[in-house]
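# Secondary and tertiary structure notes
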Amino acid sequence: MKRSEILSRVWKNFENLDKGAVEEEVFDFPTLLSLQKLIRRGALNHLNGVVGIGKEARIYWGITQDNSSVAVKIFNITTARFKKRNIYIVGDVRFKNVKKNIKDLVILWAKKEYKNLITAYSVGVDVPKPIDLERNVLIMEFIGDKGIPAPTLADSEVNRRDYLKVIKSVEQLYKANLVHADLSEFNIFKWGNRLIIFDLGSAVDSSHPLALKFLRRDLENINRFFYKRKVKVYDMDSLLKRILNAL
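What comes next is a walk through the structure. (Residues numbered from 1 in each chain as written. Predicted model: local features only at pLDDT ≥ 70, side-chain atom pairs only at ≥ 80, totals over all residues. Heavy atoms only, no water.)

Helix and strand counts for the protein stand at seven helices and eleven strands. Every one of the 247 residues in the protein was classed for burial, and the buried ones make up 49%. Residue pairs in contact within the protein that sit at least 24 positions apart in sequence constitute 61% of those at least 6 positions apart. Summed over its atoms, the accessible surface of the protein is roughly 12600 Å², and 50% of this surface lies on carbon and sulfur atoms. (Helix = DSSP H or I, 4+ residues; strand = E, 2+ residues; numbered from the N terminus. Buried < 20%, exposed > 50% of the residue type's maximum accessible area, 1.4 Å probe, protein only. Contact = heavy atoms within 4.5 Å. Areas by Shrake-Rupley, 256 points an atom, 1.4 Å probe, with all protein chains shown as cover.)

The structure is reproduced here in structure tokens:
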């Protein structure tokens, strides 16, 4: 059966889904079925346009049945970029027998981000609230207003209080045995008084053989950014010691 025939067959289940969006490359048939399951579970009612495009996924502004906004992150099931992400999976005790097939790797990555969000959210780290996951489709809290994402730290005015908040979040993550492993000013939203860390797909268990290297890199990125913004930062040795003593 042709893809167009499959789409016409399932289209009645997506009457609230923008047809132009459905026809984008990221919406293969299995992804459509995943969206269908999420709609049936009540996690999603309809999908609006793209609000963010990354190397491995697209973020859509979704609306739930109670008219709340959600972020719908759809990982591209065909991208070869995930091969380079093995370093963040192999060695993580939570994920064993990792398959090299791209499709399975992408689905595992989505599961990993969802699991990391749940862990971070449960210990009070300010991250987008995880809502649901189906295969390569992740639904979480939308950070922003009326489909416009909140600005990142890179596009915001920052101060010493912001710096201390970020360090506190890194410390909280480490207490929960997580290292973000890809932290920078580009994946922290500043929304009102909140500093929300996102893109936790790379986050590894603290027992990962490269966890210390990733932690140091995260802290160096944060220190570099705030230092350039004329904010007083901790020296790396004392900062790293503080985080490592958090456990």
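That was the structure; now back to the text.
On to helix α4 (residues 102-122). Under the 1.5 Å per step criterion, the end-to-end length of α4 is 30 Å for 21 residues, consistent within 8% with the ideal 30 Å. Every buried residue of α4 is accounted for by I102, L105, V106, L108, W109, A110, K112, E113, Y114, N116, L117 and A120. Considering only its buried residues, α4 is in contact with β3 (69-75), β4 (130-134), β5 (137-141), α5 (160-175), β8 (178-179) and β11 (204-205). At the C-terminal side of α4, G124 shows a positive phi close to 90°. (Expected span 1.5 Å × (residues − 1).)

Strand order in the open sheet formed by five strands is β1-β2-β3-β5-β4, and the pairing between neighbours is antiparallel. For this open sheet the edge positions go to β1 (46-53) and β4, each flanked by a neighbour on one side alone. Strand after strand, the sheet turns through a mean of 25° between neighbouring axes, direction not considered. Pairing of β4 with β5 involves four bridges; the strand directions are antiparallel. Opposite P130, over in β5, you have M140 as the bridge partner. Across the sheet, helix α3 (residues 29-41) lies against β3, β4 and β5, angled at about 135° from β4, the strand it touches most. Across the sheet, α4 is in contact with β3, β4 and β5; its angle to β4 comes to roughly 160°. (Pairing = 2+ DSSP bridges. Axes fitted to C-alpha atoms, helices over the stretch in contact; angles between N-to-C directions.)

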